[in-house]
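Examining the three-dimensional arrangement
Below are the chains, spelled out letter by letter.
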Amino acid sequence: MSTDIPDVSGISIGILGGTGDQGKGLARRFALAGHTVLIGSRSAARAQEAAAGIDGTVRGADNATVAAEADVVIVAIPWDGHRSTLESLRAELAGKIVVDCVNPLGFDKQGAYALPVEEGSAAQQAAAVLPDSRVVAAFHHVSAVLLLDPEVAEIDLDVLVLGDDREATDIVQALAGSIAGVRGVYGGRLRNAHQVEALTANLISINRRYKAHAGLRVTDV
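Since the model is a prediction, treat every value here as computed from it, not as a measurement. (Residues numbered from 1 in each chain as written. Predicted model: local features only at pLDDT ≥ 70, side-chain atom pairs only at ≥ 80, totals over all residues. Heavy atoms only, no water.)

The element strand β2 (residues 37–41) is extensively covered by neighbouring structure, given that 5 of its 5 residues are classed as buried. In this structure, strand β1 (residues 13–16) lies alongside β2, joined through 4 bridges in parallel fashion. Within β2, the position partnered with isoleucine 13 by the bridge is valine 37. With respect to chirality, the unit in which β1 leads through helix α1 (residues 21–32) into the neighbouring parallel β2 is right-handed. Bridge analysis of β2 against strand β3 (residues 58–62) gives 5 bridges, and the strand direction is parallel. Residue serine 41 lies in a different strand from β3, and its bridge partner there is aspartate 62. At this point the chain moves from β2, through helix α2 (residues 44–52), to the parallel β3, and the crossover so formed is right-handed. (Buried < 20%, exposed > 50% of the residue type's maximum accessible area, 1.4 Å probe, protein only. Helix = DSSP H or I, 4+ residues; strand = E, 2+ residues; numbered from the N terminus. Pairing = 2+ DSSP bridges. Right-handed = clockwise from strand over helix to strand, strands pointing away.)

Summarizing the sequence annotation, UniProt attributes the feature "domain: Pyrroline-5-carboxylate reductase catalytic N-terminal" (unreviewed entry) to residues 13–104 in the numbering used throughout. Taken as a whole, residues 13–104 contains 42% helix and 24% strand, while its terminal C-alpha atoms sit 23 Å from one another. (UniProt positions renumbered as here; feature names shortened; annotations may be inferred.)

Scanning the model with the defined rule gives 10 salt bridges in all. The closest approach of N and O atoms between arginine 134 and aspartate 165, which form a salt bridge, is 2.8 Å. Linking arginine 134 in strand β8 (residues 134–137) with aspartate 165 in the loop between β9 (157–163) and α8 (166–177), this pair joins segments that are 31 residues apart in sequence. Take aspartate 165: its relative accessible area is 25%, and that puts it in the partly exposed class. The closest approach of N and O atoms between aspartate 164 and arginine 189, which form a salt bridge, is 3.8 Å. Separated by 25 residues along the polypeptide, aspartate 164 in the loop between β9 and α8 and arginine 189 in the loop between β10 (182–188) and α9 (193–210) bring together distant segments of the chain. Assessed through its relative accessible area of 45%, arginine 189 is described here as partly exposed. Salt bridges sharing common partners tie together Asp156, Asp158, Arg183 and Arg217. (Salt bridge = Lys/Arg side-chain N within 4 Å of Asp/Glu carboxyl O.)

With respect to the helices and strands, the residue lysine 96 is situated in the loop between α5 (90–93) and β5 (97–100). One buried charge, lysine 96, has no salt-bridge partner; the nearest side chain with opposite charge is aspartate 71, at 5.9 Å. What lysine 96 contacts, discounting residues up to four positions off in sequence, is Ala67, Ala68, Glu69, Ala70, Asp71, Val73, Asp132, Ser133 and Arg134. (Lys, Arg positive; Asp, Glu negative; His and termini not counted. Contact = heavy atoms within 4.5 Å.)

Pasting the structure below:
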């Protein structure tokens with residue numbers, strides 16, 4: 001792994017859809033790492049309620065406010081509202097690093113499966129909808145249960161970080177690495193985000209079979 005990691009200590013992080021378990025879990029871990037965190041929701045009141053339950057410098061607001069004020073914005077919204085939410089925030093997100101962690105998945109009696117996405121992946125859809133933003137794909141495989149568990153001091157996980165902007169992926173790798181136990185590992189260009197998003201369905205199957213909270217580790221880097 002490269003030791004040339006940018007200093008991200010002063011970066012504020014906004015989380016769109018931050019009232020869900022994954023969003024709240026990421027907010028908690030970034031706050032523990034010393035970041036200012038802004039939790040976004042369609043309802044400012046719900047966002048403020050979620051923020052109040054997290055220690056650290058955390059506050060809640062509506063999605064547009066969070067998108068405008070945060071330095072880096074993580075997209076943790078449900079897939080069915082992905083395109084419309086990002087389209088509504090195009091102006092606020094212009095010029096910013098936008099980290100998409102959305103997994104387009106369906107569920108049936110056989111379990112989770114990847115849904116087809118016209119643009120190729122959720123991250124590529126975000127890039128198409130947000131032409132003036134620097135879109136990065138990351139944080140797809142984090143376990144919300146572990147993120148939220150106060151008994152879990154470190155998260156045993158490599159976060160795959162994909163994107164077409166080297167400076168942006170370096171920053172997101174460093175943000176991932178600010179969470180105790182986590183490494184950010186460059187995983188390729190944005191066009192390769194589909195299989196990273198889809199792999200979440202396999203991890204869900206692993207978790208169900210083994211009653212686990214499985215994560216990925218990449219060897220020899």
